[in-house]
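Descriptive analysis of the structure
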Amino acid sequence: MNKLKSTIFCLLVIFLMGCEDFLTGDLLDNDPNKVDDVSIISIESLLVGSQVSMYGVMESYLNRMVTMIMQQMAGQKLEYYSDYNCSPIDRNTNGRWSAIYGTGGLIDIRTIQEKARDQEKYLVLGIAQMWEALIISTAADLWGDIPYSEAANSNYESPNLDSQREVHEAVLELINDAINNFSLGQVQTFSSNYDFSFGGNANKWIAVAHTLAARIYLNWAEVDGIQAYENALFHAEQGVSSSNGTGDWRALHSTTNNEQSIWWQFTIKNNDYMGAGHLLVDMLENDNDGRLNIYFSGDPVIGVKPGETQFYGSDLNSNTYGSRDYGVEFISWYENKFIVAECQYSMGDENSARITLNSILDDLEVKWQTIESTCSLPRYENVGGNNLYEAIMNEKYKAMFLNIQTWSDWRRTGFPNFIDSDGESTSCAGGTPRRLLYPEKEKSTNPNFPTNDSIYDRVQNDPN
Amino acid sequence: MKLKLSLYSFLYYCCFFATVSAIDLVNIEGYVINDIGSPLVGSNIIIKNTAYGGATDTDGFYQFSIPIEVARSSPLIFASYIGYRSTVDTLLYNNEKEIIKNFQLNRDVLDLESIVVTGMGAKQYKEKLGVSIESVKGEAVVKAGEVNMITSLRGNVPGLEIRKTSGDAGTNAFFRIRGTGTISGSHEPLIIVDGSPVSNRTYDSGGSETSERGHPESSSRTGDINVEDIETIEVLKGAAASAIYGSRASNGVIMITTKSGRTGKTQLTYKFQAGISALNNKYPVQQWFGQGKAGNFIQGEAFSWGKPLNIKGSPWFDDSRDIDQVFDHIGEISDYGNSYDHNVSAYGGSDKTTFYLSMSKSYEKSHWLKFADYKKMVSTVFGHIPNRDVPSDYERYTVRLKGSHLIRDNLTLTGSMSYVNVSVNSVMRAHTTDGLGKGLLSTPPDFDLKPYLNPVTQYHRSSTDPNSLTPEGDHSWNNPYWVLYEAMQKQHVDRLYGSIQLDFRPTDWGSLKYTMGTDYSLDERTEVLPIGTYREGGIGRLIREDIVDQEFDGNLVFNIDGNKLFNLPMNLMMGHNLNSRYFRSYEITGLDQTLPNYFQMENYSSIYADERLTLRHAESFFIQGTYDLFDELYLTSAIRNDGSSTFGPSDRRHNFRKFSAAWNFSKRLKIPYLNFGKLRYAFGEAGEQPNVYTIYSGYMSPTSFSAGDKVNLALTYNGLTGYRSDDRIGNMRIRPERRTENEIGVDLSFLEDKIGINFTSYKALNSDVIFTIDVIPSTGSDEQTANGAIIENKGLEFVINTNPIRKKNLSWNSRFIYASNTNMVLEMNGVSGDEAKNMDYSQVPSVGISKFSEVSPGHTLGEFRGYTWARFGYGITAKDFDENGNTVYINIDSVYAGQWKRNDVYIQRDGYPDTDWLNREYVWTGYDPNPDWTGSFYNEVELFGKIKFSCLIDISMGGHIVNYTKNALYEWGTHGDTENRYHSSFDNPNWHGYEEGVSTEWGKGKISDMLNNGANAIGPGTDQIVAFDEIFYTTIAGRKFDIINNIEDASYIKLREISLAYQMTNKYTDYLGLKSMSLRLSARDLITWTKYSGWDPETNMYQNRISGEDYFNQPQTWGTNFTLYFNW
């Protein structure tokens, strides 16, 4: 009986004491598969994470969507067919929108900036500011009003929209700050190979900062008129200048798995989803432009119109834009020069504008002749007036193949006009979209968002 | 129980013979027979409330003695036998030295006398149960002839839905009890073997960058249990039954009791089983149109939109012209599968020690053609040995030892341990371009797949790269023979599981039981996609993955017998449980293979590693009381308190309660023809734990992450490792999901136990259901795991057991099972179903659980949502053209008010459905994968006590499947339906097959002719004849345009099992020294009655959850087995 009493006593002790400690301890109080303390992660590692994540924003669906709207590429299958036929679906932008603000995006870029300030790593600070400037200004170009001042900020549970103007003005301030930080140089050690864009070269960063600022000013020309051109020209004159491309800001890709070009990966894994767009192919053909076979493969190169249900659009040339390591140019020397040309024209200096235009084409011809020695590009010797303006914008459209900025250029100038060489409209029945739909996920969770937005709504810098 | 009775009898005999031999004794003797006069061997006869008793011999005769004083007291004498209703009678003393008392026992059609395990070691007579526990005997499981214990249960338990994933070797199965009440958790019940939980984890492999839909099937750990070792399986169905297992039991519990040793001479059994299997259906593919586009042959083209082929049977066949060669891709690649099984078991023991030992080897090869056989079929000269001969096979070795030792009279030690070794070769399945199905069903009929290597270069050859000149090739998908013989997916598992149990009975009223269980497995996987495989641009990939899965469970139970302690008819059980689960996986991926046909990690130029580590602890208390009132009302009540490291720190402990009552009203109310009647009611709560580490968030460095549309990037980039924050924020308040269930039931037995009926009605509410809620993305996070959904399941279950014929040489048993379940998602994130109806669709919470199945308030869990043409009932504004060709927009529901029903299709003026309606969005289709009811009909006929014939028909009614394979094959021009297609040559008088009224009409018709699911065509173009041409099939009828037309009824009736068994005991068995010998011929899945047009309605895309999605799923098979048992 004593044994029984002891047993019962032991049982009671177990019942009363419990084993709460059993529920805590190593591998129980934290997730061993994640780092829960950001202080032990270097800003360089965060910078790597953000750069790669932002490639995923700048070169993937958003990029593809704009190339379809601008008919450089055509959507042929499934949702890409719908997109190309101006029936995009708001849930398709959920992922990229989240990537802008979330993991690797704004929230991490701001953490990098905060840590960089604390550690006096001004070069890293400037680089992070430039990434923020690029993705936020691009987002405002694509959607118009977006959350910015209250975004990725734990003080705001439901971020409000900032107007497109407010966003761009804030970005311009950020660029200005970045330029100052680049000028301060690096106080603490920074291993330059963490900067995938320029290897820590502050001067190159300052140049692209000016070109980005010039782009933003230019995009407000429809509203701000001459002032916009003056500001744009001011910055463009300090922008990227080297026509050998070493000063261009572009994504870094390689033939290594999971580092390959996003366009290449998309194309080989989504057979026939996209092909060449009718408008660009038609323009290149009509101008007898050698870039037709630089951009696309196939003989003949075929571009597909909206409404066509064929899968015959030519593929990207696997040696250039369709190569495994192709990286989209976010900011380039030729965009900078086209900005100069447009500003010169708009500020009344047609002669300079024509010279600038032809010099861009000279340089581009040299560039592409390294790929195809017979490649020739058109020239505009005796063109003036609106024809010159159209030539500048059309050439910019052709040159900035797969670049998101082409959409803002069209909204601002109306060029290229969506009429092909047969004189037929190439637009969708409802016209060319003027903005993206806000993502379904943000609309369904954030009460500050309109739920009935349209792709034909005009953004603030596109009033007419 | 039988063991205990005999042991007790023996002990009592020893004690009392010594004390009563000197006093006067009365001899009690007689026979115990069943209702048809056969002796019941081993029946127990006892004098109630005494220790006197005996057992019948082989003639059904028993004999024992009792003191004369006992005999004079007119005691109650009780006779019992498993499967028969026990009988009690008064023993009348006649002043003689001998009393003859015979018994005839009737069949226990409701199995009321059996004792079932109710959890945590507690046992209860089924007669007294107030909850739903189904008991399946081991022999029923074995008879199915399946390797996997779960698939063996098909058709045996009402409310247990089982869906075999495919016919591949070692295949998996989805199984669930009484519908689904969770979104992110597992649907599968907790599995307990001999008192300790074991893993039933299905862990997908195949690289973190591929979706679950594109993995090879991996074997489930439920397949590790040797069915020959199973004594009984108890299925605890409602939350009241499973509440004693607390926060891991909301999906129910399956408790397996393995066979034990028995006192007596060692018994030896050897079993040999051999079987064959083959495809149970042929997929409808077209044979009339060749490879190409726009009606022309194009070499290397992926699709079959080429020229009309000159094939017999086609309307344009011309026997004066050369016949085009076409190939039966499916028939050529599939053969017979085979299987065999050896099992040796032995049991025996002494008074103090018993043992059970078994060893088995099971082997199964699926129906896919072996390379050795393939070689006989082709003339290609092979320059290298393929990577594998048998593409899909499964081999399992098991050893199990269970022993029990009586250390002292009141202390018993029991131990059981199983070692399992599993090796699997599997085939890449499903939609992936690496997979078998895509290449097999998509290859044009006029392309010969068989030479899968270019005879000259020896490189991978497919219809999209028929003259492969580079090792990497230029394939749109893989040649299926390449998938079989060159790609490799291997799995090798070593597993050890078992328990040690100490049973201490210090007093006659109290006992202590401690069970320490463990389950450890090491699962090593290899996946090889050699150079030339479509994925990764053909550069070659190797994945090696090691998975360690370990569980410890310590369970202490203290039992008090109230009868003995307080003289009250009650029992009290108190317990404490500690549980620890550890999981670790290492995955190394090598890319860019250097040397061909050499698969070592060093041979790959890029190597990535992934590691995942989890640990979860749980600690629980429980107490359960049972009380028998007047021996007719049986009450049970329990509470369990669970703590888990996966619960939010602010709310670490949660209670789960249960109560049940069972009233045997037939003891009080005498109703004509009713032998037994019981009413029962039960209420219970059980839970589902949150996934591990949902509390925490942090920074990660993913080896691979998606940038959308199959584009992947890595954070180890340019030689540097990057980090980024988690897009999921942690939830410190996460709680377990909770299922609250009420059920009522009645168990009836009529006509002298010839008919037994069980009826149960239940209603379960799963609250605090965990799912991923959307967080405002612009805050910097876009999701959080949180409690917030309420899901209802309610249903009816009934079982009818009958014995229509009970004669000595002929008996017929029959059982019909019916179980219905309806499901509704009542609320998510505070939004009810009613509120959701009036909200903008984008504001309504919704979670996708597969490509088409979603969970949203106001809808059945898993209802399909997808693209459609402009259909009625959705408020769609369709686009059309007026007489002048101008675009017009029409609110079709309003314009055609009163003329339509939901899902009717608007037909534009041009005769086609509108695919481009305004604000084109996903729509809820009204169809879901959940069957309305499932059931089975089982019959067993026994002749001369030696021959048994049984037949099981399995039924599933009302579920649906999205036949997305059909959408894809329409798009690619290989589906059988696309033989009905228009080609421009048909109207060309110069074409050889031109025939006015025949070819000119071929491939044309009205859209209304091809609408499914009873949908009508309504609109200005309803009567318009249109061409079903390449554009129609590739766009309008293809993927992303309409899935409703390809949602199909997945109802089926299957001849699940048919078996003929013969038990032999004659001079031949005597000559061989055998106690008995039996042989059985059985077959499974021989016939399927279904409307489903794909491989099989039982198909399931995912392995451990229902999807209703068929996208190049692997086919199913029929099989037949021959089994021999030798018993010594």
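The rules we used
Residues numbered from 1 in each chain as written. Chains lettered and ligands numbered in written order. Predicted model: local features only at pLDDT ≥ 70, side-chain atom pairs only at ≥ 80, totals over all residues. Heavy atoms only, no water. Helix = DSSP H or I, 4+ residues; strand = E, 2+ residues; numbered from the N terminus. Rg over C-alpha atoms; globule rule 2.2 N^0.38 Å. Contact = heavy atoms within 4.5 Å. Areas by Shrake-Rupley, 256 points an atom, 1.4 Å probe, with all protein chains shown as cover. Lys, Arg positive; Asp, Glu negative; His and termini not counted. Charge placed at Lys NZ, Arg CZ, Asp CG, Glu CD. Core = buried A, V, L, I, M, F, W, Y, C linked by side-chain atoms within 4.5 Å. Buried < 20%, exposed > 50% of the residue type's maximum accessible area, 1.4 Å probe, protein only. Pairing = 2+ DSSP bridges. Axes fitted to C-alpha atoms, helices over the stretch in contact; angles between N-to-C directions. Phe/Tyr/Trp six-rings, centres within 6.5 Å; stacked < 30°, edge-to-face > 60°. Lys NZ or Arg CZ within 6 Å of the ring centre and 35° of its normal. Salt bridge = Lys/Arg side-chain N within 4 Å of Asp/Glu carboxyl O. Parallel < 35°, antiparallel > 145°, perpendicular 65-115°, else oblique. Left-handed = near helix turned anticlockwise from the far one by under 90°. Nonpolar A, V, L, I, M, F, W, Y, C, P; charged D, E, K, R; others polar.

Counting its regular elements, chain B contains 14 helices and 61 strands. At 33 Å, chain B has a C-alpha radius of gyration in line with the 32 Å of a compact globule built from 1128 residues. When its C-alpha atoms are laid out on the principal axes, chain B stretches across 115 × 70 × 65 Å. Contacts in chain B between residues far apart in sequence, at least 24 positions, make up 70% of those at least 6 positions apart. As displayed, chain B offers around 41,600 Å² of accessible surface, 54% of which is attributable to carbon and sulfur atoms. With 109 positive and 135 negative side-chain charges, chain B shows a spacing of 6 Å between the two charge centroids.

Among the nonpolar cores identified, the biggest contains 150 residues, and Met130, Trp131, Trp143, Ile175, Trp249, Phe296 and Phe330 of chain A are the most heavily contacted of them. Examining the composition of this core, we find that 16 residues originate from one element, helix H7 (residues 122-143) of chain A, more than from any other. Discounting residues that sit within four places of it in the chain, Met130 of chain A has contacts with Ile175, Ala178, Phe182, Trp205, Val208, Ala209, Leu212 and Trp249 of chain A. Within the second largest apolar cluster, 62 residues are counted, among which are Leu449, Val483, Ala1015 and Ala1017 of chain B.

Attention shifts here to the sheet that holds strand S2 (residues 44-47) of chain B. Residues and elements named next belong to chain B. Pairing in this open sheet of four strands is antiparallel, and the strands run S3-S2-S5-S6 from one edge to the other. With partners counted over all chains shown, the strands left at the sheet margins are strand S3 (53-55) and strand S6 (84-90), one partner each. The average angle at which neighbouring strand axes cross in this sheet is 15°, direction not considered. Note: S2 against S3, three bridges, orientation antiparallel. Among the inter-strand pairings, Asn44 is bridged to a residue of S3, identified as Ala55.

Further remarks concern the packing of aromatic side chains. For the structure shown, the criterion picks out 80 aromatic pairs over all chains. A centroid spacing of 5.8 Å and a plane angle of 45° characterise the contact between Trp288 of chain B and Trp1002 of chain B, whose relative ring orientation is tilted. With Trp288 of chain B in the loop between strand S18 (264-279) and helix H5 (329-333) and Trp1002 of chain B in the loop between helix H12 (964-972) and strand S53 (1004-1005), the pair connects residues that are 714 residues apart, well separated along the chain. Classification of Trp288 of chain B by relative accessible area gives buried; the value is 13%. Every member of this aromatic cluster is reached through a ring pair, and the members are Tyr55, Trp131, Phe182, Phe196, Phe198, Trp205, Trp249 and Phe330 of chain A together with Tyr717 of chain B. The cationic tip of Arg981 of chain B hangs over the ring face of Phe289 of chain B; the distance from NZ or CZ to the ring centre is 4.0 Å.

Inspection of every chain in the model, using the stated rule, returns 96 salt bridges over all chains. With its nearest N and O atoms 2.7 Å apart, the salt bridge here joins Arg434 of chain A to Asp462 of chain A. Pair noted here: Arg434 of chain A is in the loop between helix H18 (405-413) and helix H19 (440-445) and Asp462 of chain A is in the segment after H19, with a separation of 28 residues, a long-range link. Here Arg434 of chain A matches Asp462 of chain A in class, with each residue buried. Here Lys1004 of chain B makes a salt bridge to Asp987 of chain B, at a shortest N to O gap of 3.2 Å. One end of the pair, Lys1004 of chain B, is in strand S53; the other, Asp987 of chain B, is in the loop between H12 and S53, and 17 residues separate them in sequence.

All names here are of chain A. The geometry of helix H6 (residues 106-119) relative to H7 is characterised by a closest axis approach of 8 Å and an angle of 155° between their N-to-C directions. Judged on the interaxial angle alone, H7 and H6 are roughly antiparallel. Handedness of the crossing formed by H6 with H7: left-handed. For the pair H6 and H7, contact is made by Leu106, Ile109, Arg110, Ile112, Gln113, Ala116 and Arg117 and by Val124, Leu125, Ala128, Gln129, Trp131, Glu132, Ile135 and Ile136, respectively. Each residue belonging to the contact of H6 with H7 can be placed in one class, and the counts come to ten nonpolar, two polar and three charged.

Once that is clear, we can look at unusual backbone geometry. For residues besides glycine, phi is generally negative; the peptide bonds are generally trans as well. Residue and element names in this part refer to chain A. In this structure, the amide linkage connecting Asp299 to the following residue, Pro300, adopts the cis form with an omega of 5°. One can find Pro300 in the loop between helix H14 (292-295) and strand S4 (329-331). Phe415 connects to Pro416 through a cis peptide bond whose omega is -5°. Even without being a glycine, Gln71 presents a positive backbone phi close to 55°. Accessibility expressed as a relative area gives 3% for Gln71, which makes it buried. Positive phi, close to 55°, is recorded for Glu120, a residue that is not glycine. Locating Glu120 in the fold gives a position in the loop between H6 and H7. Overall, the relative accessible area of 35% leaves Glu120 in the partly exposed class.

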